[in-house]
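Chain residues, written in single-letter form:
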Amino acid sequence: MIPSNDTPDAKFALLERRLRRAEAARLEAERLLEWRSRELDRSNRELRQRENDLAARLDIGNRNLLEAQRLAGMATFYGIVGDSFRASPAMAALFGRPDGDVPTIGDVAAALHPLDRARIITVQQRFFSQALPGDEQRHECRIIRRDGVVRWLRWYARREASTDSSLGPISGTVQDITEQRRTERRARALQLISERNLERLRHTEAALAERVSELERAATALAASHARTDAAQQAKSRFLAQMSHNIRTPMNGVLGMMTALARTALDANQSDMLARARRAGDELRALVDNIIDIADEGIAAIAPGEATASPIAISEIRVEGRRPRILVAEDIETNQIVICSMLDTLGCDHNVVDNGALAVAAVQTESFDAVLMDIQMPIMDGTAATRAIRALPGPVANLPIVGITAQAIAAERELLKTAGMNLCLAKPISVAMLSAALHELLPAEAMLDGFVFDSAINALPATRRPALIDQIARDLSALSAALAAASIANDAEGVRRARHSLDGIAGNFGTVALAEWLGASRASPVPAAATLPRLEAIVAATIAEARKRLQQG
């Protein structure tokens, strides 16, 4: 008999079946959970192994990256404005610091070269405060490492995005490009030399062809007149040769003996008389040369006094403690060689271009302290080039320009100054003339010749040296004031006496800047009032430098 579903046995059987199904489900769930646990444990072990492998590969990659940075002379940096600054270890090597001594932002700023510091700090401050996410910045600058070595660095920086409204972090790289710049400069120099030589060769070929034609025509004309002029020319040549020998030989002897006499012990009055005699001798020699040249070639004579420079010691020129950079604009190669040789003697660096248009382009792309500008040049002459430079925007428009001209007439040379030239030198120029011009336009920084000054001061016992310095200071102040007062009163004799006494101090104690000013002032019996503040400044600086050298022993 089958129990009814409503009987207790039926209900018990139903519950028993449900219990067995629940037990089976529980066992299945436990087996599934155990399997899941084992799978999860295995996955965790694999994940940890992968993490360890990734960390190892990352460590190797970091080491390889750091080694690559070291070999490439490159470092990386990362910083947050107003907060932290981090850099890779290679940054220490770039700045000549020991391993692990990574420079801070302050260390980087302190290492910037004085000529680049203001520019770089301004650029960096603007970028750090104004750059938007994604903005980039690239620049190059010099640094002075702890060991005193100057290196060129190339910086790249990028503003990263921020997670809030604040300025995002800055990341970037820095690389030592000193050798790269040196190689690029050499390559550019070789390329310019090659191009210049090729252009000169082309000009030479054309000039030679034209010259051959001219010589052929001249030969024909000379052949026709040779018989008539040969005797007269020979007589003229003999006369000029004899006159040149008879005049120049004793004159050179006199000037040579005066030069030797200048090296002996002379009192102040004798030195002044000898200096006057030597200046007169130089002017006489220039006049004799011009007279003979006129007789031989018929060239125009230079007015007396214009062939010689103001008496000034020829010494190396410095601007802010460095060699000045001079642009030479001259189309004749021989003249280029002569002028560059003079600049080498004066301790100047120089670049050469052979026409005015290139000179205008050069001053806009490179930094120069002065320009020596020839007047007669192809494409653009010196006068037009000077006007073009004066019309340029910015400080380059005030670049000192020295005209070099064959014009001997003062009125014509004044026209060149009106065009914008600071000074004009008449050909042929000498080292003394060029030195005087550059000293006038680029005042020397050093007030004293250290060797001459120390020799004079150290000749006295140490206890007497301060009193000597005090006396020198009083004499310089009194004499410069007397010279200024005489200049304002147009008292040429008073100027001469004060200048003579100052010359004695300059010669005895090596006050080179004062000597340069005195030499330049001799262009006029009475110095211009505009030059007197410079004299006052030189005297004050000379006294200060003298006291400083005494304190330093």
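Since the structure is predicted, the reported quantities are computational estimates derived from the model, not experimental observations.

Participant: Can you break down the sheet that holds strand E1 (residues 74-79) residue by residue, with the values?
Facilitator: What the five strands build is an open sheet, ordered E2-E1-E5-E4-E3; its pairing is antiparallel. A strand with exactly one partner marks an edge of an open sheet, and here the two such strands are strand E2 (85-87) and strand E3 (136-144). Strand-to-strand, the axes of this sheet are offset by a mean angle of 20 degrees, without reference to chain direction. In this structure, E1 lies alongside strand E5 (residues 170-176), joined through six bridges in antiparallel fashion. Looking at E5, one finds that phenylalanine 77 is bridged to glycine 172. Against the sheet, helix H4 (residues 114-130) contacts E3, strand E4 (150-159) and E5, and its axis sits at roughly 150 degrees relative to E3.

Participant: Kindly report on the pattern of salt bridges, identifying the contributing residues and their values.
Facilitator: Evaluated as defined, the whole model comprises 29 salt bridges. Between aspartate 147 and arginine 145 there is a salt bridge; the shortest N-O distance is 2.8 Å. You can call aspartate 147 partly exposed: its relative accessible area is 45%. Between aspartate 454 and arginine 549 there is a salt bridge, with the nearest N and O atoms lying 2.6 Å from each other. With aspartate 454 in helix H12 (residues 450-458) and arginine 549 in helix H16 (residues 532-552), the pair connects residues that are 95 residues apart, well separated along the chain. Owing to a relative accessible area of 26%, arginine 549 belongs among the partly exposed residues under this scheme. Beyond isolated ion pairs, a larger network of salt bridges with shared partners links Arg97, Asp101, Asp107 and Arg146.

Participant: Describe the packing of helix H7 (residues 333-345) against helix H11 (residues 431-441), listing the residues and the values that go with them.
Facilitator: Viewed as axis vectors pointing N to C, H7 and H11 meet at an angle of 65 degrees, and their least axial separation amounts to 10 Å. Taken as a pair, H7 and H11 cross one another with a handedness that is right-handed. In this structure, H7 contributes Met342, Leu343 and Thr345 to the contact, and H11 contributes Val431, Leu434 and Leu438. Here the contact of H7 with H11 is composed, by residue class, of five nonpolar, one polar and no charged.

Participant: Outline the pairing of strand E6 (residues 325-329), supporting the account with residue identities and numerical values.
Facilitator: The buried fraction of E6 amounts to four of the five residues, a majority that puts the element mostly inside the structure. Both E6 and strand E7 (residues 349-353) contribute to a ladder of five bridges, which runs parallel. In the strand pairing of E7, alanine 329 is matched with valine 353. For the crossover that starts at E6, traverses H7 and ends in the parallel E7, the hand is right-handed. Two elements, E6 and strand E8 (residues 370-374), share four bridges in a ladder whose sense is parallel.

Participant: Could you give an account of the sheet that holds E8, with specific residues and numbers?
Facilitator: One key point about sheets: their strands pair by backbone hydrogen bonds, in either a parallel or an antiparallel sense. An order of E7-E6-E8-E9-E10 is seen for the five strands of this open sheet, with the pairing classed as parallel. Unpaired on one side and paired on the other, E7 and strand E10 (423-426) mark the two borders of the sheet. Mean inter-strand twist for the sheet, computed between neighbouring axes without regard to direction, equals 20 degrees. Taken together, the four bridges between strand E9 (residues 401-405) and E10 define a ladder with parallel strand orientation. Among the inter-strand pairings, valine 402 is bridged to a residue of E10, identified as leucine 423. Packed on one face of the sheet, H7 meets E6, E7, E8 and E9 and runs near 165 degrees to E7.

Participant: Provide a residue-level description of helix H13 (residues 465-488), including the pertinent values.
Facilitator: Taking 1.5 Å per residue, 24 residues should reach 34 Å; H13 reaches 35 Å between its end C-alpha atoms and fits that length. Of the residues making up H13, those classed as buried are Ile469, Ile472, Ala473, Leu476, Leu479, Ser480, Leu483, Ala484, Ala486 and Ser487. Those residues of H13 that are buried lie in contact with H12, helix H14 (492-509), helix H15 (512-521) and H16. Positioned one or two residues after H13, asparagine 490 has a phi angle of 60 degrees, which is positive.

Quick notes on the rules
Residues numbered from 1 in each chain as written. Predicted model: local features only at pLDDT ≥ 70, side-chain atom pairs only at ≥ 80, totals over all residues. Heavy atoms only, no water. Pairing = 2+ DSSP bridges. Helix = DSSP H or I, 4+ residues; strand = E, 2+ residues; numbered from the N terminus. Axes fitted to C-alpha atoms, helices over the stretch in contact; angles between N-to-C directions. Contact = heavy atoms within 4.5 Å. Salt bridge = Lys/Arg side-chain N within 4 Å of Asp/Glu carboxyl O. Buried < 20%, exposed > 50% of the residue type's maximum accessible area, 1.4 Å probe, protein only. Left-handed = near helix turned anticlockwise from the far one by under 90°. Nonpolar A, V, L, I, M, F, W, Y, C, P; charged D, E, K, R; others polar. Right-handed = clockwise from strand over helix to strand, strands pointing away. Expected span 1.5 Å × (residues − 1).

Remember that the coordinates give geometry; whether it matters functionally is a separate question.
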